[in-house]
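What follows is each chain in one-letter form.
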Amino acid sequence: MFAKTTLLCTFAALGYATPIVYPRADNPFVFTNSNGLNFTQMNASLPNVTIFATGGTIAGTGSSTTATTGYTAGAVGILTLINAVPEILNVSNVAGIQVSNVGSEDVTSTILLRMAKQINEYVCNDPTMAGAVVTHGTDVLEETAFFLDATVNCGKPVIIVGAMRPSTAISADGPFNLLEAVTVAATPEARDRGAMVVMNDRIISAYYVTKTNANTMDTFKAVEIGNLGELISNTPYFFYPPVKPTGKAAYSIMNVTSIPRVDILMAYEDMSNDTLYSAVANGAKGIVIAGAGAGGVSTPFNAAMEDVIVNKSIPIVQSTRAMSGEVPSSDTSDSTALHIASGYLNPYKSRILLGLLLAHGKNLTEIAAAYKGSTAA
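What comes next is a walk through the structure. Keep in mind the model is a prediction, meaning the values are calculated, not measured.

1. Description of helix H7 (residues 347-359)
(1) Moving on: For H7, spanning 13 residues, the distance from its first C-alpha to its last is 18 Å, which sits close to the expected 18 Å at 1.5 Å a residue.
(2) Moving on: By the criterion of burial, H7 is predominantly enclosed, with 10 of the 13 residues buried.
(3) Moving on: Among all positions in H7, only Pro 347, Lys 349, Ser 350, Ile 352, Leu 353, Leu 354, Gly 355, Leu 356, Leu 357 and Leu 358 are buried.
(4) Moving on: Residues of H7 that are buried in the fold lie against helix H3 (141-151), strand S13 (262-266), strand S14 (286-291), strand S15 (316-320) and helix H8 (364-372).
(5) Moving on: Put simply, Asn 346 is the residue that caps the front of H7, since its side-chain oxygen is 3.1 Å from the backbone nitrogen of Tyr 348.
(6) Moving on: One or two steps after H7, the chain reaches Gly 361, where phi turns positive at roughly 75°.

2. Focus: the packing of aromatic side chains
(1) Moving on: Applying the stated rule across the entire model yields 3 aromatic pairs.
(2) Moving on: Considering the side-chain rings of Phe 146 and Tyr 207, the 5.5 Å spacing of their centres and the 35° angle between planes classify their relative orientation as tilted. Here Phe 146 is found in helix H3, whereas its partner Tyr 207 is found in the loop between strand S8 (202-205) and strand S9 (210-211), with 61 residues between them in sequence.
(3) Moving on: We classify Phe 146 as buried; its relative accessible area is 4%.
(4) Moving on: Overall, the relative accessible area of 4% leaves Tyr 207 in the buried class.
(5) Moving on: Where Tyr 237 meets Phe 239, the ring centres are 6.0 Å apart and the plane angle is 65°; that geometry is what we call edge-to-face.
(6) Moving on: Overall, Tyr 237 belongs to the exposed group, its relative accessible area being 53%.
(7) Moving on: Put simply, the rings of Phe 146, Tyr 207 and Tyr 208 pair up and form one aromatic cluster.
(8) Moving on: Directly above the aromatic system of Phe 238 lies the positively charged group of Arg 193, at a separation of 3.9 Å from the ring centroid.

3. Structural notes on the environment of Val 161
(1) Moving on: With respect to the helices and strands, Val 161 occurs in strand S6 (residues 158-161).
(2) Moving on: Since its relative accessible area comes to 0%, Val 161 is described here as buried.
(3) Moving on: Separated by 38 residues in sequence, Val 161 and Met 199 place their C-alpha atoms 6.1 Å apart.
(4) Moving on: The contact partners of Val 161, leaving out residues within four places of it in the chain, are Val 133, Val 134, Thr 135, His 136, Leu 141, Asn 177, Leu 178, Ala 181, Val 198 and Met 199.

4. Considering the packing of H7 against H8
(1) Moving on: Packing of H7 against H8 brings their axes to within 10 Å, and their N-to-C directions diverge by 140°. Between H7 and H8, the angle is such that the two are oblique. Judged by the twist between their axes, the crossing of H7 over H8 is right-handed. Between H7, through Ser 350, Leu 353, Leu 354, Leu 357 and Leu 358, and H8, the contact on the second element is made entirely by Ile 367, Ala 370 and Tyr 371.
(2) Moving on: Considering only residue class, the contact of H7 with H8 consists of 7 nonpolar, 1 polar and no charged.

5. What about the sheet that holds S13?
Strands belonging to one sheet form pairs held by backbone hydrogen bonds; the direction of such a pair is parallel or antiparallel.
(1) Moving on: Pairing is parallel in the open sheet, where 4 strands are placed in the order S13-S14-S15-S16. Lying at the two open borders of the sheet, with one neighbouring strand each, are S13 and strand S16 (340-341).
(2) Moving on: Inspection of the sheet shows S13 paired to S14 by 5 bridges, in the parallel sense. Along S14, the bridge assignment pairs Leu 265 with Ile 289.

6. Overview of H3
(1) Moving on: With 11 of 11 residues buried, H3 lies mostly within the body of the structure.
(2) Moving on: Within the sequence span of H3, burial applies to Leu 141, Glu 142, Glu 143, Thr 144, Ala 145, Phe 146, Phe 147, Leu 148, Asp 149, Ala 150 and Thr 151.

7. Things to note about the sheet that holds strand S7 (residues 195-199)
(1) Moving on: Reading across the sheet, the 8 strands line up as S4-S3-S5-S6-S7-S8-S11-S12 and stay open at both edges, with mixed pairing between neighbours. Each edge of the open sheet is held by one strand with a lone partner, namely strand S4 (93-102) and strand S12 (235-238). Ignoring which end each strand starts from, the neighbouring axes of this sheet average 25° apart.
(2) Moving on: Here strand S3 (residues 48-55) runs beside S4; their pairing, made up of 7 bridges, is parallel. In the sheet register, Ile 51 faces S4, and the bridge partner there is Gly 96.
(3) Moving on: The sheet contacts of helix H2 (residues 109-124) involve S3, S4, strand S5 (131-135) and S6, and relative to S4 the element is tilted by about 170°.

8. Here we look at the environment of Asn 215
(1) Moving on: Along the chain, Asn 215 turns up in the loop between S9 and strand S10 (220-221).
(2) Moving on: For Asn 215, a relative accessible area of 57% corresponds to the exposed category.

9. Here's the deal with the state of the cysteines
(1) Moving on: Counted according to the given criterion, the structure contains 1 disulfide.
(2) Moving on: A sulfur-sulfur separation of 2.1 Å characterises the disulfide bridge that pairs Cys 124 with Cys 154. Across the disulfide from Cys 124 to Cys 154, rotation about the S-S bond amounts to roughly -65°, and the bridge is consequently left-handed. Residue Cys 124 is found in helix H2, and its partner Cys 154 is found in the loop between H3 and S6; the two are separated by 30 residues along the sequence.
(3) Moving on: Residue classification places Cys 124 among the buried positions, given a relative accessible area of 16%.

Cut-offs used in this document
- Residues numbered from 1 in each chain as written.
- Predicted model: local features only at pLDDT ≥ 70, side-chain atom pairs only at ≥ 80, totals over all residues.
- Heavy atoms only, no water.
- Helix = DSSP H or I, 4+ residues; strand = E, 2+ residues; numbered from the N terminus.
- Expected span 1.5 Å × (residues − 1).
- Buried < 20%, exposed > 50% of the residue type's maximum accessible area, 1.4 Å probe, protein only.
- Contact = heavy atoms within 4.5 Å.
- Polar contact = N/O pair within 3.5 Å; in protein donor to acceptor, adjacent residues only side chain to side chain.
- Phe/Tyr/Trp six-rings, centres within 6.5 Å; stacked < 30°, edge-to-face > 60°.
- Lys NZ or Arg CZ within 6 Å of the ring centre and 35° of its normal.
- Axes fitted to C-alpha atoms, helices over the stretch in contact; angles between N-to-C directions.
- Parallel < 35°, antiparallel > 145°, perpendicular 65-115°, else oblique.
- Left-handed = near helix turned anticlockwise from the far one by under 90°.
- Nonpolar A, V, L, I, M, F, W, Y, C, P; charged D, E, K, R; others polar.
- Pairing = 2+ DSSP bridges.
- Disulfide = S-S within 2.5 Å.

Okay, here's the thing in structure tokens:
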């Protein structure tokens, strides 16, 4: 039961003129809501946000205050994270759920499904909750963000946040990132914008965001699209009203119990066909190709793809290994097999989408149609 999860929270039941209530010395919790979330303070004048913690650098510890590499990710629990930023209680009442505490490379589709269902239940279905924040490692953060953007669609903001420096480093970026993430989640203007990544004072659409640098704090960008907004002195400013990204679709996961395996294969000089056949033989139900340029592969590999598509009915989506740009249908079409172009979705987002489509039992034609919205040509 999620209700048994250890939590640190603050809460106000909207509609009641409840004064601020401070925790007793012998018990930090003063209220438990109908979902079993515990709260240490009540302030009816503040919105309510639930923080879902998964681990990552934001919860990492290093061997020294100058160590920004070689640290242990996911070493600090959610209680410590929230306690480190008491200013959060000035902008929102927060509830905390420890989903996992791992480096982002160890986040699995099982964790994603569980978290998406929790957000739908504890945030979307609770009229007293304004939004959700997910703390996450940055390495694969864009994949989780895209997944939540597709599977949580109640209009309430879902903010994914991380850090590039561990919590023990000088000038660790995690605490202020977390404060800004909670602030955006609690902001009415953040509604109906889907999931967003908030880091380094930027607000970026989860549909387009990607990590562009392995080390620097200013790493998350939507290269062609730009930011949705920014924060100045912890005050959010959105550049334009809410808008739905072109090609975005919503997928319910309430009855989904698992996500089929989808592998990503890289295009390169002298690429071998056996990598494709090996992926299929080992259980991949879908393949994404990080192609050269606009989805290109070698002539022999293209023939192998057609064999797999036609004879094994395995969907193959052709994306690009480049930082940005479109893979148009005109560059992947073939008369002998149904090649699928990713459009503007990079390989990682293409993999997430293909997994969701397979989980819903979509056939090759339906899968191809789902990617059409992301293509211009």
